[in-house]
Protein chains: 4
Amino acid sequence: METAFKSIAIIGRYMSPASLAQAHLHTQAQAHAQIIELVAHLSAKKIKLCIEENTALYTGLSEHRALLRYEAFSIDEIGQHVDLAIVLGGDGTMLSAARAIVPNNIPLVGINRGRFGFLTDISADNMLPAVDEILAGKCSIERRMLLSAQVIRNGELVFEGCAFNDIIIKSGLRLIELEVYIDNQFVHKQRSDGLIMSTPTGTTAYALSAGGPILHPKLEAIAIVPICPHTLSNRPIAISSASKIEVSLVQAESIHLSLDGQIESTLQQGDKVVIIRAEQTVPLLHMQGYSYYEMLRNKLNWG
Amino acid sequence: METAFKSIAIIGRYMSPASLAQAHLHTQAQAHAQIIELVAHLSAKKIKLCIEENTALYTGLSEHRALLRYEAFSIDEIGQHVDLAIVLGGDGTMLSAARAIVPNNIPLVGINRGRFGFLTDISADNMLPAVDEILAGKCSIERRMLLSAQVIRNGELVFEGCAFNDIIIKSGLRLIELEVYIDNQFVHKQRSDGLIMSTPTGTTAYALSAGGPILHPKLEAIAIVPICPHTLSNRPIAISSASKIEVSLVQAESIHLSLDGQIESTLQQGDKVVIIRAEQTVPLLHMQGYSYYEMLRNKLNWG
Amino acid sequence: METAFKSIAIIGRYMSPASLAQAHLHTQAQAHAQIIELVAHLSAKKIKLCIEENTALYTGLSEHRALLRYEAFSIDEIGQHVDLAIVLGGDGTMLSAARAIVPNNIPLVGINRGRFGFLTDISADNMLPAVDEILAGKCSIERRMLLSAQVIRNGELVFEGCAFNDIIIKSGLRLIELEVYIDNQFVHKQRSDGLIMSTPTGTTAYALSAGGPILHPKLEAIAIVPICPHTLSNRPIAISSASKIEVSLVQAESIHLSLDGQIESTLQQGDKVVIIRAEQTVPLLHMQGYSYYEMLRNKLNWG
Amino acid sequence: METAFKSIAIIGRYMSPASLAQAHLHTQAQAHAQIIELVAHLSAKKIKLCIEENTALYTGLSEHRALLRYEAFSIDEIGQHVDLAIVLGGDGTMLSAARAIVPNNIPLVGINRGRFGFLTDISADNMLPAVDEILAGKCSIERRMLLSAQVIRNGELVFEGCAFNDIIIKSGLRLIELEVYIDNQFVHKQRSDGLIMSTPTGTTAYALSAGGPILHPKLEAIAIVPICPHTLSNRPIAISSASKIEVSLVQAESIHLSLDGQIESTLQQGDKVVIIRAEQTVPLLHMQGYSYYEMLRNKLNWG
């Protein structure tokens with residue numbers, strides 16, 4: 001059979017032995033068994049398989065190396081060698097995998113243990129039939145936007161990164177003071193716990209907890225959501241994804257810049273954070289019949 | 001001097017003698033004096049003037065007919081005879097004027113007594129200098145989207161209309177039950193006080209009171225905001241303005257359809273309301289230096 | 001065996017044949033079977049049984065009159081003849097039963113089909129064992145407060161009533177204008193869709209949908225929750241239940257006063273609504289081991 | 001003239017020379033002039049004056065020592081020597097002064113520069129007439145509750161403190177996991193940015209920004225407000241002030257305990273924070289005619 005994808009990367013949840021100790025061992029064993037099942041299934045179909053090296057290391061895959069044909073690559077290199085990436089894990093695993101392989105512009109699909117997530121379309125129970133449908137081409141690609149953040153300090157670029165969900169400027173303590181400019185126009189000086197700049201994808205994550213709206217992924221928009229703003233009329237706002245947001249730190253004591261929930265940089269007074277739409281997009285692969293609204297309904301218990 | 005506009009419509013707040021009785025007479029007299037001042041000013045510049053007929057009738061303009069050259073037209077006809085409309089009043093007056101003249105595709109600008117509104121850019125204090133700048137072409141046009149609503153009953157179209165701010169399905173009593181479909185996909189069955197479909201322009205009006213986000217007017221989006229939803233996770237959502245929203249009334253006791261706050265139709269069980277972006281847009285005229293964010297900051301006391 | 005209660009009222013969901021037609025017949029039949037099961041169970045224990053007359057009429061109980069010993073009374077009289085009332089139905093049935101029998105000061109307990117409700121502690125699956133525990137005295141009483149509303153028009157009392165959940169002043173149209181006074185002090189003039197005055201019990205009902213807080217039933221408090229207020233800083237407030245709230249209708253077009261969701265009165269401009277804690281309380285009977293927080297956790301899916 | 005208070009403490013905003021450098025010098029000079037004006041005014045009335053030692057040091061009062069009779073005490077001792085404390089500054093200054101002198105059970109009144117605050121009743125413009133009215137006994141006392149927090153680690157008490165506004169458990173990073181028990185009953189496991197336990201006084205401060213309700217100061221209640229909770233139905237709840245709240249830290253990476261906005265303790269996994277009403281209360285002195293609702297209306301722009 002001719003398959004839609006000839007070479008596939010498999011990326012699991014990163015689990016060092018240290019964190020393993022904390023995790024429930026039984027759950028962990030099931031997750032590993034599932035990865036091995038997937039590798040065996042694809043191996044039998046003569047698909048070229050590339051396994052993310054930590055996934056291979058920690059799941060016990062290497063013990064079956066005699067039987068299972070695959071190569072191992074680091075997360076930063078794996079995208080060059082495949083034309084599809086399958087991620088096993090939760091939305092967090094999807095986010096970091098997506099950012100790592102975004103330069104390679106290959107489609108990404110997620111398999112979630114238990115119920116599916118906002119980003120992981122396929123339930124573990126349905127893994128093998130779903131993968132077969134994908135190989136048969138019964139799927140479609142949706143391009144999702146990313147945000148890019150730059151930190152400018154005294155006129156110099158001191159940090160640059162991109163986020164699939166959100167870029168967050170937030171204090172570890174209580175109140176921060178920011179000035180927000182959009183497209184070079186002053187918006188306001190804000191006192192709050194922080195500020196979230198979210199892609200449509202990210203609007204169902206942290207931004208939702210902070211009171212932000214849900215933006216449909218097709219919307220070319222960025223949501224700007226204040227966290228516990230001092231002024232009660234400081235409400236979430238959504239702007240065009242073609243806009244440039246600049247946030248100046250009027251006062252900055254232990255303020256962090258997070259991308260997709262990972263603290264990436266500690267900001268200083270006078271720092272300017274510039275947020276724009278990234279050039280790259282993430283090609284998410286969906287099964288036939290995928291409905292964004294059905295996913296929302298299930299995940300948010302609108303039933 | 002060559003002016004940017006040769007013929008101008010003037011539309012005031014509609015005030016029948018009945019409502020006049022209720023209004024503060026002093027405020028009313030000032031509003032009338034302001035209209036007369038504007039008419040006199042433009043009249044002296046040889047601009048062709050068309051006055052909305054009720055405005056002419058109730059403001060006492062007709063008493064000065066010997067001095068002030070103008071023609072009177074109904075709100076539905078006035079747009080054909082001019083290339084600019086100046087509205088004196090609040091956001092409510094702007095909304096109804098905009099809907100009335102939208103087929104004529106002429107720019108619209110608002111003058112507000114006291115502080116300016118979300119839609120009325122010019123403060124009364126600054127009326128004459130502002131008008132002169134507009135005549136000198138120191139202004140720009142921003143196209144704002146409208147929504148169109150159709151009510152389908154037993155397969156027949158029983159109502160059709162458009163809204164500049166919002167389309168609201170709402171009960172006069174307590175709880176209604178709706179089914180929402182977007183682009184022919186089922187979204188959810190909702191129990192709530194009602195549902196707001198808002199243009200970006202309307203997101204600073206009723207939708208904001210109901211907890212909706214602010215959408216920048218450049219965003220090609222529709223905000224869908226539930227009013228007091230029974231399910232707490234039923235949050236506001238913004239979708240592409242190219243989408244089609246269908247709302248089915250599962251249960252309907254005294255449910256109204258409002259367009260820009262005017263009740264237009266009483267709905268029945270089984271009715272389907274179809275909402276899409278309207279074909280026409282409203283060309284709003286802004287002064288040089290207009291900033292949407294400055295307006296938000298002032299109106300919402302973000303200072 | 002000596003039981004804690006000698007005479008028990010049974011009150012079911014009021015179902016006229018008209019509404020029956022609308023309901024799912026199968027569900028209805030199950031509800032009736034359950035009532036008959038309860039009557040038979042209690043009848044065998046020599047408990048004196050009083051059945052609410054419509055419940056007796058519509059559930060088919062009367063067909064078994066030869067076998068099942070009971071008397072039938074109207075909802076307004078039934079409380080005089082018993083020392084416990086068992087309600088079968090949802091929270092709505094509990095609300096109206098509680099208001100009807102409140103003068104008799106007898107405890108009330110609810111049995112809910114399917115999952116239990118905020119007020120109906122006992123699941124249908126567990127009905128008979130639970131009832132036996134109650135008869136064995138393995139239960140406790142919690143007194144819940146009620147609110148009383150009076151409408152004053154031109155100095156005359158034109159309406160009086162009480163509510164277990166909430167008193168709502170609300171417009172069928174869009175915006176109303178109210179003046180609120182608490183303990184004779186002016187609070188504010190509010191423009192909104194309406195205002196909810198809620199007992200702690202009612203804070204998990206409509207007030208929660210409108211953004212109000214949850215008040216624990218032990219708290220001697222009234223929650224005042226604005227519905228879609230025009231001013232974004234108009235937030236819910238909780239005051240002492242010893243306070244007196246007065247709401248004056250500045251402007252009143254089609255404004256209703258609802259008690260526990262039932263429209264009771266149409267208000268006019270100038271009307272004053274006075275809300276205070278009612279003298280009576282509702283004695284809710286809970287099973288041993290009842291936890292308010294467990295109930296919240298289950299009903300609000302905090303799991 | 002016999003005055004209601006014979007000895008008065010004066011407590012200003014604490015300003016070390018370091019922070020002075022940051023502050024606007026002109027504002028600072030005005031604040032100092034105001035304190036000197038107050039001291040001179042009271043000194044002339046033969047009131048015994050005790051100045052908080054840093055206030056005396058940093059405001060230049062000591063330069064006038066020849067003319068102005070006063071003694072200087074540390075904030076912790078000053079309360080023993082007086083029967084009234086006047087605080088000049090904002091709500092923050094009031095909070096720390098209140099906590100420091102609470103063991104002495106003396107009334108406290110605040111004078112705010114510019115507009116008054118939630119706690120500082122007297123505007124600077126009206127300082128001297130207001131102080132004279134207070135001395136003439138035209139005032140009343142309102143007792144406000146405090147909260148007490150204890151941190152238990154491995155069965156040992158490792159921290160104890162009290163708060164006038166709020167006790168906050170919060171992460172410097174993103175998500176924390178807490179278990180909440182009230183009166184020894186399990187409430188829920190919560191994933192959020194943190195949790196606020198607020199007195200009624202504190203409900204107009206940080207808790208309001210986080211979406212909490214306003215609780216009237218007379219209400220014997222504690223508000224529990226989650227900060228950006230992961231579960232959207234996790235809403236603010238108000239409970240009796242007689243209740244005991246226990247929060248267990250399921251997972252704790254860089255989690256802080258703050259009292260009135262001051263970080264007091266870093267928490268560890270397994271720590272239990274116990275919050276109850278403190279034994280002491282703060283006697284707030286109000287001018288005749290003080291209205292809590294008027295203050296709310298002014299501060300929250302309900303006008």
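What follows is about the overall build of chain A. Tallying secondary structure elements over chain A gives 7 helices and 19 strands in all. Here the C-alpha atoms of chain A give a radius of gyration of 21 Å, agreeing with the 19 Å that 2.2 N^0.38 yields for 303 residues. Seen along its three principal axes, the alpha-carbon backbone of chain A occupies a region of about 60 × 40 × 35 Å. Counting only contacts in chain A whose residues sit at least 6 apart along the sequence, the fraction spanning at least 24 positions is 67%. A total accessible area of about 11,800 Å² is found for chain A, and carbon and sulfur atoms account for 49% of it. For chain A, the centre of its 25 positive side-chain charges and the centre of its 30 negative side-chain charges are spaced 5 Å apart.

We now examine the interface of chain B and chain A. The partner chain A presents 33 residues to the 33 residues of chain B that form the contact. Contact between chain B and chain A buries roughly 2,800 Å² in total, counting both sides, with carbon and sulfur atoms accounting for 58%. Broken down residue by residue, the surface that chain B buries against chain A is led by B:Arg235, B:Tyr293 and B:Trp302, which jointly contribute 26%. Counting across the chain B and chain A interface gives 0 salt bridges. For the pair chain B and chain A, the number of links is 22 residue pairs in polar contact (both at pLDDT 80 or more). Elements with a contribution of two residues or more to the side of chain B that touches chain A: β11 (185–192), β13 (214–215), β15 (237–240) and α7 (292–299) of chain B. For the side of chain B that touches chain A, the element with the highest residue contribution is β11(B), accounting for 5 residues.

Once that is clear, we can look at the packing of helix α2 (residues 25–43) of chain C against helix α5 (residues 127–135) of chain C. Residue and element names in this part refer to chain C. With their axes 11 Å apart at the nearest point, α2 and α5 run at an angle of 35° to one another. Where α2 crosses over α5, the handedness of that crossing is right-handed. Contact residues: Gln-34, Glu-37, Leu-38, His-41 and Leu-42 in α2; Met-127, Leu-128, Val-131, Asp-132 and Leu-135 in α5.

Bringing the relation of the copies chain D and chain A into the picture now. Copy one and copy two of the chain differ by a rotation about an axis and a translation along that axis. Structural alignment of chain D on chain A gives an RMSD of 0.0 Å, achieved by rotating through 180° and translating 0.0 Å along the axis. Given the turn and translation reported, the copies of this chain are related as if by a two-fold rotation axis. Judged by C-alpha distance, D:Gly172 is the residue of chain D that lies nearest the rotation axis, at 1.8 Å. Of the residues that chain D buries at the interface, 100% are likewise interface residues in chain A, meaning the two copies contact each other through the same surface.

One open sheet holds the 7 strands; their spatial order is β13(A)-β15(B)-β14(B)-β12(B)-β9(B)-β17(B)-β18(B), and the pairing between them is mixed. Looking at the sheet topology across the chains shown, the edges are occupied by β13 (214–215) of chain A together with β18 (262–267) of chain B. Where strand β12 (residues 194–198) of chain B lies against strand β14 (residues 221–227) of chain B, 5 bridges are found, and the strand directions are antiparallel. Counterpart to B:Gly194 in the pairing with β14(B) is B:Ile227.

Between chain D and chain A, the residue contacts involve 22 residues of the former and 22 residues of the latter. The junction of chain D with chain A conceals about 1,700 Å² of combined surface from both sides, 57% of it contributed by carbon and sulfur atoms. The tally of links between chain D and chain A comes to 2 salt bridges. Across the pair D:Asp193 and A:Lys170 runs a salt bridge, and its minimum N-O distance is 2.8 Å. Here chain D and chain A share 6 residue pairs in polar contact (both at pLDDT 80 or more) between them. Contributions of two or more residues to the side of chain D that touches chain A are made by β9 (166–171) and α6 (206–209) of chain D. Per element, the largest residue contribution to the side of chain D that touches chain A is 4 residues, and it comes from β9(D).

On to the environment of D:Ala40. Residue and element names in this part refer to chain D. As for its placement among the helices and strands, Ala-40 is situated in helix α2 (residues 25–43). Ala-40 gets classed as partly exposed once you look at its relative accessible area, which sits at 34%. Sequence separation between Ala-40 and Arg-69 is 29 residues, and the spatial gap between their C-alpha atoms is 8.7 Å.

Moving on, we get to the nonpolar core. In a soluble, globular protein the nonpolar side chains are often hidden away together inside. A:Ile196, B:Ile196, C:Ile196 and D:Ile196 are the most contacted members of the largest nonpolar core, which has 52 residues in total. Contributing elements (two or more residues each) for this core: α6 (206–209) and β14 (221–227) of chain A, α6 (206–209) and β14 of chain B, α6 (206–209) and β14 (221–227) of chain C together with α6 and β14 (221–227) of chain D.

How large an interface is tends to be reported as the accessible area lost when its parts come together. Residues and elements named next belong to chain A. Segmentation of chain A into domains returns domain 1 (7–137) and domain 2 (146–280). Placing the centre of domain 1 and that of domain 2 at their C-alpha centroids yields a distance of 31 Å. Taken together, the 6 residues of domain 1 in the interface contact 11 residues of domain 2. Carbon and sulfur atoms supply 74% of the area that domain 1 and domain 2 bury against each other, a total of about 770 Å² over both sides. It is Leu-95, Arg-99 and Val-102 in domain 1 that bury the most area against domain 2; as a group they hold 64% of the surface buried on that side. Applying the counting criterion to the domain 1 and domain 2 interface returns 1 salt bridge. The salt bridge partner of Asp-260 is Arg-99, with a shortest N-O separation of 2.5 Å.

Quick look at the relation of the copies chain B and chain A now. Of the two same-sequence chains, chain B is brought onto chain A (RMSD 0.0 Å, axial shift 0.0 Å) by a rotation of 180°. Same-surface contact between copies: 100% of interface residues of chain B are shared with the interface of chain A.

Residue and element names in this part refer to chain D. Examined against the element boundaries, Asn-112 turns out to sit in strand β5 (residues 108–112). Engagement of the side chain of Asn-112 in a polar contact is seen with the side chain of Thr-120, the distance being 3.3 Å. Excluding anything up to four places from it in sequence, Asn-112 contacts Gly-89, Gly-90, Gly-117, Thr-120, Ile-122, Ser-123 and Ala-124.

Okay, unusual backbone geometry next. The phi dihedral of B:Asn184 falls on the positive side, at around 65°, and the residue is not glycine. Here B:Asn184 shows up in the loop between β10 (176–182) and β11. With a relative accessible area of 56%, B:Asn184 lands in the exposed category. Although it is not a glycine, C:Asp183 sits at a positive phi angle of roughly 50°.

Bringing the environment of A:Ile51 into the picture now. Residue and element names in this part refer to chain A. Along the chain, Ile-51 turns up in strand β2 (residues 48–52). Owing to a relative accessible area of 0%, Ile-51 belongs among the buried residues under this scheme. Separated by 204 residues in the primary sequence, Ile-51 and Ile-255 place their C-alpha atoms 37 Å from one another. Not counting residues within four places of it along the chain, the set of residues in contact with Ile-51 comprises Ile-10, Val-39, Ala-56, Leu-61, Tyr-70, Glu-71, Ala-72, Phe-73 and Ile-78.

Our focus in this paragraph is the environment of A:Gly270. Residues and elements named next belong to chain A. With respect to the element layout, Gly-270 can be found in the loop between β18 (262–267) and β19 (272–287). Gly-270 sits in the exposed class, given a relative accessible area of 54%. Residues Gly-270 and Asn-154, spaced 116 residues apart in sequence, show a C-alpha to C-alpha distance of 7.8 Å.

In this section: the pairing of strand β7 (residues 139–153) of chain D. Residues and elements named next belong to chain D. Of all 15 residues in β7, 11 are buried, a share of seventy percent or more. When β7 meets strand β19 (residues 272–287), the two strands line up antiparallel, connected through 13 bridges. Within β19, the position partnered with Cys-139 by the bridge is Met-287. Alignment of β7 against strand β8 (residues 156–163), held across 7 bridges, turns out to be antiparallel.

Attention now goes to the sheet that holds strand β13 (residues 214–215) of chain C. Backbone hydrogen bonds are what pair the strands of a sheet, in a parallel or an antiparallel way. Pairing is mixed across the open sheet formed by 7 strands, whose spatial order is β13(C)-β15(D)-β14(D)-β12(D)-β9(D)-β17(D)-β18(D). On the outer flanks of this sheet lie β13 of chain C together with β18 (262–267) of chain D, each paired with one strand and no other. The pairing of strand β17 (residues 255–259) of chain D with β18(D) spans 5 bridges and is classified as antiparallel. Among the inter-strand pairings, D:Ser258 is bridged to a residue of β18(D), identified as D:Ile263.

This part is about the side chain of D:Lys170. Looking at the element boundaries, D:Lys170 is found in strand β9. By relative accessible area, which is 7% here, D:Lys170 ends up buried. There is a polar contact of 2.8 Å between the side chain of D:Lys170 and the side chain of A:Asp193. In terms of polar contacts, D:Lys170 uses its side chain to reach the side chain of D:Tyr206, at 3.1 Å.

What counts, and where the lines are drawn
- Residues numbered from 1 in each chain as written.
- Chains lettered and ligands numbered in written order.
- Predicted model: local features only at pLDDT ≥ 70, side-chain atom pairs only at ≥ 80, totals over all residues.
- Heavy atoms only, no water.
- Helix = DSSP H or I, 4+ residues; strand = E, 2+ residues; numbered from the N terminus.
- Rg over C-alpha atoms; globule rule 2.2 N^0.38 Å.
- Contact = heavy atoms within 4.5 Å.
- Areas by Shrake-Rupley, 256 points an atom, 1.4 Å probe, with all protein chains shown as cover.
- Lys, Arg positive; Asp, Glu negative; His and termini not counted.
- Charge placed at Lys NZ, Arg CZ, Asp CG, Glu CD.
- Buried area = accessible area lost by both parts, 1.4 Å probe.
- Salt bridge = Lys/Arg side-chain N within 4 Å of Asp/Glu carboxyl O.
- Polar contact = N/O pair within 3.5 Å; in protein donor to acceptor, adjacent residues only side chain to side chain.
- Axes fitted to C-alpha atoms, helices over the stretch in contact; angles between N-to-C directions.
- Left-handed = near helix turned anticlockwise from the far one by under 90°.
- Least-squares fit on C-alpha atoms with pLDDT ≥ 70 in both.
- Pairing = 2+ DSSP bridges.
- Buried < 20%, exposed > 50% of the residue type's maximum accessible area, 1.4 Å probe, protein only.
- Core = buried A, V, L, I, M, F, W, Y, C linked by side-chain atoms within 4.5 Å.
- Domains from an automatic or database assignment.

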